[in-house]
Amino acid sequence: LTGAPRHELNAGGRAIPLSVVRGLNPYVFIDGSALGFDDPATQPPAEDTYELLLQAVGGAGAQLHQPVALKVCLVAGCPDAPGTVSARIVYPAERRSHQSFAVTGAATLALACRIGGTVPHACLEGGPPGDGLTIRHPEGDLFVRWTLRSDGLPSEVSLERSCRLI
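This one's a predicted model, so the numbers in the text were calculated from it and none came from an experiment.

> Can you help me understand the packing of aromatic side chains in this one?
The description of two aromatic rings rests on the distance between their centres and on the angle between their planes. Under the criterion given, the structure shown has 1 aromatic pair. Between Tyr 27 and Phe 29 the ring centres are 6.0 Å apart and the planes differ by 25 degrees, which places this aromatic pair in the stacked class.

Structure, rendered in structure tokens:
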């Protein structure tokens, strides 16, 4: 984790909650609902959203006095499915989102969900279940399971992916 578990930055006149977490790769996790994404897995960003994301990511880097990777993950809770987050990886500088979900992103999101106070942790009301979570993304579901260390953070993570037609 870089700095505090949660930051609130102003981009485009909006307060955008975000967390920077360095797991296998550094990611900026942004509360999708702050940008109108109740279900990021099914809602691709509009063109104007990319500029807001660039501002937020740039603001995070400036506030933290270090460069931040432009790997952004929009996350939101899934009230209809406890232990599930809806997520989408976005590349603001390239103005595109990724249809799939990288293993490194899933492991880092799992770590972020276990750290109290982060945006992903807050998306799971009451925190994540003790044994793992489900990540809903544009191409299906990733089931992430973990073994916890004594401090409550994952020591190892395993993933299972739902099948999809290609």
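> I tried to follow the pairing of strand β5 (residues 84-91) on my own but got confused; where do I start?
Within β5, 8 of the 8 residues are buried, which leaves it mostly tucked inside the rest of the structure. Because side chains alternate across β5, one face comprises the buried residues Thr 84, Ser 86, Arg 88 and Val 90, and the other comprises Val 85, Ala 87, Ile 89 and Tyr 91, equally buried. Here strand β4 (residues 72-77) runs beside β5; their pairing, made up of 6 bridges, is antiparallel. Residue pairing for β5: Leu 74 is matched across the bridge by Arg 88. Inspection of the sheet shows β5 paired to strand β7 (residues 132-137) by 3 bridges, in the parallel sense. Residue pairing across strands places Val 85 opposite Ile 135, the latter belonging to β7. Examined bridge by bridge, β5 and strand β6 (residues 96-97) share 2 bridges and lie antiparallel to one another. Residue pairing for β6: Tyr 91 is matched across the bridge by Arg 96. Where β5 folds back on β6, the antiparallel hairpin that results is connected by 4 residues, among which Arg 95 adopts a positive phi of roughly 55 degrees.

Parameters and conventions
- Residues numbered from 1 in each chain as written.
- Predicted model: local features only at pLDDT ≥ 70, side-chain atom pairs only at ≥ 80, totals over all residues.
- Heavy atoms only, no water.
- Phe/Tyr/Trp six-rings, centres within 6.5 Å; stacked < 30°, edge-to-face > 60°.
- Buried < 20%, exposed > 50% of the residue type's maximum accessible area, 1.4 Å probe, protein only.
- Helix = DSSP H or I, 4+ residues; strand = E, 2+ residues; numbered from the N terminus.
- Pairing = 2+ DSSP bridges.

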